[in-house]
Amino acid sequence: MTSFYEAYGAAKSAQRISIALGISSAALLGAAIPLVVSGRRAMRLKPYADFTGAGLVVGGRF
């Protein structure tokens, strides 16, 4: 029973962390959309890839 409670606690912690990351990424996306729309002329996009992940690098002046 002890190992069940330990696994349950770890799962609850992981769930809380994933919910917090989802909320913060949604907030950052909501803040980034107006910046991208208003600064589309002076913006550079380039792909990024590394051993840890991949994505887009946004550069420019907003």
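Everything that follows concerns the structure shown earlier in this document.
The structure presented is a predicted model; accordingly, all values stated were derived computationally and were not measured.

### Quick look at the packing of aromatic side chains
Moving on, step 1. Here the structure, examined in full by the defined rule, presents two aromatic pairs.
Moving on, step 2. Between Phe4 and Tyr8, the ring centres sit 6.3 Å apart and the planes meet at 25°, which makes this aromatic pair stacked. With Phe4 and Tyr8 both in helix α1 (residues 2-38) and four residues apart, this pair spans about one turn of that helix.
Moving on, step 3. Judged by relative accessible area, Phe4 falls into the partly exposed class, the value being 46%.
Moving on, step 4. The class of Tyr8 is partly exposed, set by a relative accessible area of 48%.

Rules behind the numbers
Residues numbered from 1 in each chain as written. Predicted model: local features only at pLDDT ≥ 70, side-chain atom pairs only at ≥ 80, totals over all residues. Heavy atoms only, no water. Phe/Tyr/Trp six-rings, centres within 6.5 Å; stacked < 30°, edge-to-face > 60°. Helix = DSSP H or I, 4+ residues; strand = E, 2+ residues; numbered from the N terminus. Buried < 20%, exposed > 50% of the residue type's maximum accessible area, 1.4 Å probe, protein only.

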